[in-house]
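Residue-level listing of the chains:
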Amino acid sequence: MTESLTGSQILCRALLEEGVDVLFGYPGGAIMPFYHALPEFPALRHVLVRHEQAAAHAADGYARASGRAGVCVATSGPGATNLVTGLATANMDSTPVVAITGQVARAMMGRDAFQETDIIGITQPITKHSRLVEDVEEIEDAVREAFHVAREGRPGPVLLDIPKDVQNQRGSWAGGQRGSNGTLRDTAPPPRCPAGSLEEAAALIATAERPLIMAGHGVVLAGAYAELLVLAERTGIPVITTLLGISGFPESHPLHLGMPGMHGEVHVNRAIQQSDLIIGLGLRFDDRVTGNLAGFARGAKVIHIELDPSEIGKNVPVAVGLVGDVRNVLCSLLPLIAARNCDGWRREIAGFVRPRDESFRAGLSPQAILDAIGDASDGRCTIVSDVGQHQMWVAKLFRYQRPNSHITSGGLGTMGFAVPAAMGVALARPGEPVWAISGDGGFQMNMQEIATMVQEGIPVKMAVFNNGYLGMVRQWQQFFHGKRYSATPIWSPNYVKLAEAYGIAGHRVESIDQLERTVADAAAEPGPVLVEFMIEQEANVFPMIPPGGSLSEPIEAEAVTALIPA
Ligand SMILES: Cc1ncc(C[n+]2csc(CCOP(=O)(O)OP(=O)(O)O)c2C)c(N)n1
């Protein structure tokens, strides 16, 4: 039995059949038929953002927190192009997002009609798939395909561009043919490991003298927490977590070493350089992790477990490549792994550990702020960070205990991500505390979303680390551009008054004695809240591998005076 409906009604029904419960969007001319139909489907909650970029980031945050595809909607032309940064962000971090854009009517396409852009052409390089839906009879299949493609294999964004007249066109609804928008786990493919490769990997793991596990985003995407824990505990192999692998392994665990790469700890990078085996789990060995590839872990063989076969051997030579969802591959590998320990190697690594830069610990330091946030929520919160120095402090200094409790834009490094992404996280995890932590630069890129939170009652706790600079760029200028602070000092509004203007609670913390109390008050606030932390203006993130340098050449706090002109 088929029913005659408009394209927009079919679209709404198809979204419901995919299990969609929330969409982030913004209306306009070419998507009006969809917005006309939407009120007939109250199970589809629409969140009206204040900028379409925020819709894409919110859908991304929702997807990362829930493991289901996030959905964003925009009109043609400027609405669609405003989604671009968010889609590129999702693409770089393998997040399943389905974007729906209105397009001008078919008869107008190709005539430079009002608000016409070739959004398919624009987004093709930054999505897994972009499709122009040319007839109402395609809509049902196009939606099913979009969710399937976004989630299957390595997840990523998909865009459906639907001309206005197709949204209005009447067509037939068959329905009942789809699965639901389940979690990524439901669609994980079985591993593809060439004959003998699992045994080969197990033999390398049994005989290596200085092995390391390097856990990336694939661990979180696959939910391979328990399997990673078994592998580590059975073998005693220390675990490194990349920026997007953070919260894939409990940080309090004695086998947890820390973050590698450009701002990784000295002992972590040194361990990598000395290791004879790296077991890479769901990561792409990107340049922020490896530093100069020619000098990366020259004595190490690499076992690479990765869902996307095109990643294997792309950046580092691989001894054994195992293709598949990290959890499924580990399930196949673990029965072959014998118990061993790495006590001698771990003692050696312990000898590499450098004392923390104590200048951080004094006063209103990032460490003190992050400890206060962790304490105020018993470590139960999800931290969504923006991009810059604070992002590195949030990655390195917060003690993540819960799986998937750290969310950030790793691959694209998109400033402005935290606030809107945190809205998506908060809707995916109702009742759980969510902190968006931004710098004063990135916060000002999407702070308009406070209005969305107020209108929709989304209780995100926003922290601004105010150092008066675009701090990470200032740090580079300090180290590598003779301290020429070109275009990095940044003025901010009065954030307490800004909060007041939006009708939410706002606080400024200027000294350590205000810290605990204020953070506790913010944590207890039922609605959105904004807390500004006045941190040291020229604090730096240490250590740092200079751009183009190898992991063996860190700049450490005490050496930096030699680099910087007086
Ligand atoms: C959209 C975007 N524009 C520019 C950059 C380049 N960039 C990287 S970090 C940074 C400074 C961030 O400053 P702020 O938000 O104040 O954070 P802080 O580094 O001070 O913690 C800039 C400009 C970027 N990553 N994203």
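Heads up: the structure comes first, above all this text.
Residues numbered from 1 in each chain as written. Predicted model: local features only at pLDDT ≥ 70, side-chain atom pairs only at ≥ 80, totals over all residues. Heavy atoms only, no water.

Caption draft 1: Focus on the environment of Phe147. Checked against the element boundaries, Phe147 lands in helix 7 (residues 139–151). C-alpha of Phe147 to C-alpha of Glu18: the two residues are 129 residues apart in sequence and 7.4 Å apart in space. (Helix = DSSP H or I, 4+ residues; strand = E, 2+ residues; numbered from the N terminus.)

Caption draft 2: Up close: the nonpolar core. Within the largest apolar cluster, 53 residues are counted, with the highest numbers of intra-cluster contacts made by Ile272 and Ile303. Considering every element that reaches this core, the biggest residue donor is helix 9 (residues 197–207), with five residues. In contact with Ile303, other than residues within four places in its own chain, are Ala201, Leu204, Ile205, Leu277, Ile278, Ile279, Gly280, Val320 and Leu322. Within the second largest apolar cluster, 50 residues are counted, among which are Ala56, Leu83, Ala90 and Val419. (Core = buried A, V, L, I, M, F, W, Y, C linked by side-chain atoms within 4.5 Å. Buried < 20%, exposed > 50% of the residue type's maximum accessible area, 1.4 Å probe, protein only. Contact = heavy atoms within 4.5 Å.)

Caption draft 3: Region of interest: the sheet that holds strand 20 (residues 529–534). Across the sheet, which stays open at both edges, the six strands sit in the order 16-15-17-18-20-19 with parallel pairing between neighbours. Sheet topology places strand 16 (406–407) and strand 19 (505–509) at the edges, where each strand pairs with a single neighbour. Two strands pair when backbone bridges link them, and strand 18 (residues 461–466) and strand 20 are joined in this way by six bridges, in the parallel orientation. Each bridged residue has a counterpart across the sheet, and for Lys461 the counterpart in strand 20 is Val529. Packed on one face of the sheet, helix 18 (residues 418–428) meets strand 15 (382–385), strand 16, strand 17 (434–439) and strand 18 and runs near 175° to strand 17. (Pairing = 2+ DSSP bridges. Axes fitted to C-alpha atoms, helices over the stretch in contact; angles between N-to-C directions.)

Caption draft 4: Structural context of helix 1 (residues 7–17). The buried count for helix 1 comes to eight of 11 residues, which makes it a mostly enclosed element. Listed as buried for helix 1 are Gly7, Ser8, Gln9, Ile10, Leu11, Cys12, Ala14 and Leu15. Backbone geometry just after helix 1 places Gly19 at a positive phi near 85°.

Caption draft 5: Local environment of a negative patch on the surface. A surface patch of like charges, here negative, comprises Asp371, Asp375, Asp378 and Glu516. Looking at where Asp375 falls in the secondary structure, it is placed in helix 16 (residues 366–376). (Patch = residues over 30% accessible without salt bridge, like charges linked within 9 Å, V, L, I, M, F, W, Y side chains within 5 Å. Areas by Shrake-Rupley, 256 points an atom, 1.4 Å probe, with all protein chains shown as cover. Salt bridge = Lys/Arg side-chain N within 4 Å of Asp/Glu carboxyl O. Lys, Arg positive; Asp, Glu negative; His and termini not counted. Charge placed at Lys NZ, Arg CZ, Asp CG, Glu CD.)

Caption draft 6: Molecular detail of the layout of surface pockets. In this structure, the second largest pocket occupies an estimated 650 Å³ of space. Glu265, His267, Val353, Arg354 and Arg356 are, among the 32 residues lining the second largest pocket, the residues nearest its centre. Contributions of two or more residues to the lining of the second largest pocket are made by strand 11 (256–258), helix 12 (266–274), helix 15 (343–350) and helix 17 (389–397). Counting residues per element, the lining of the second largest pocket draws most heavily on helix 17, at four residues. (1 Å grid on protein atoms, 1.4 Å probe; cavity = no way out; pocket = protein on both sides within 12 Å on 5 of 7 lines; lining within 4 Å. Points joined across faces, edges and corners; volume = space filled by probe spheres on them.)

Caption draft 7: Main features of the site of the ligand. Near the ligand you find 17 residues, and of these Gln389, His390, Gly413, Gly442 and Gly471 are the closest. Within the side chain of His390, a nitrogen or oxygen atom sits 2.8 Å from an oxygen atom of the ligand. Elements with a contribution of two residues or more to the shell around the ligand: helix 17, helix 19 (440–446) and helix 21 (471–480). Here the shell around the ligand is built from residues that sort into seven nonpolar, nine polar and one charged. (Near = heavy atom within 4 Å. Polar contact = N/O pair within 3.5 Å; in protein donor to acceptor, adjacent residues only side chain to side chain. Nonpolar A, V, L, I, M, F, W, Y, C, P; charged D, E, K, R; others polar.)

Caption draft 8: The packing of helix 16 against helix 23 (residues 515–524), seen in detail. Close contact between helix 16 and helix 23 brings their axes to 9 Å; oriented N to C, the two are set at 40°. If you check the angle between helix 16 and helix 23, you find them oblique. As helix 16 packs across helix 23, the resulting crossing turns out to be right-handed. Contacts from Ala368, Ile369, Ala372, Ile373 and Ala376 in helix 16 reach Leu515, Val519, Ala520 and Ala523 in helix 23. Class assignment for the residues of the contact of helix 16 with helix 23 results in nine nonpolar, no polar and no charged. (Parallel < 35°, antiparallel > 145°, perpendicular 65-115°, else oblique. Left-handed = near helix turned anticlockwise from the far one by under 90°.)

Caption draft 9: Focus on the pairing of strand 9 (residues 211–215). With five of its five residues buried, strand 9 lies for the most part within the structure. Judged by which residues are buried, strand 9 turns out to be covered on both faces: Pro211, Ile213 and Ala215 on one side and Leu212 and Met214 on the other are all buried. As judged from the five bridges shared by strand 9 and strand 12 (residues 277–281), these two strands associate in the parallel manner. Counterpart to Met214 in the pairing with strand 12 is Gly280. Looking at chain direction, strand 9 and strand 10 (residues 239–241) are connected through three bridges and run parallel.

Caption draft 10: Here's a closer look at the side chain of Thr290. In this fold, Thr290 is placed in helix 13 (residues 287–290). On the basis of relative accessible area, Thr290 is assigned to the buried category, the value being 0%. Setting aside residues up to four positions removed in sequence, Thr290 forms contacts with Phe285, Phe296, Val316 and Leu551.

Caption draft 11: Here's a closer look at the side chain of Thr518. Mapped onto the elements, Thr518 comes out in helix 23. Excluding its chain neighbours within four sequence positions, the residues that come into contact with Thr518 are His507, Val509 and Val531.

Caption draft 12: Summary view of the sheet that holds strand 6 (residues 129–132). The strand order across the open sheet built from six strands is 3-2-4-5-7-6, with neighbouring strands paired in parallel fashion. A strand with exactly one partner marks an edge of an open sheet, and here the two such strands are strand 3 (45–48) and strand 6. Mean inter-strand twist for the sheet, computed between neighbouring axes without regard to direction, equals 20°. Bridge analysis of strand 2 (residues 22–25) against strand 4 (residues 70–74) gives two bridges, and the strand direction is parallel. Paired with Phe24 across the strands is Cys72, a residue of strand 4. Helix 5 (residues 84–92) rests against strand 5 (97–103) and strand 7 (157–163) of the sheet, and its axis sits at about 145° to strand 7.

Coordinates in, geometry out; function isn't part of it.
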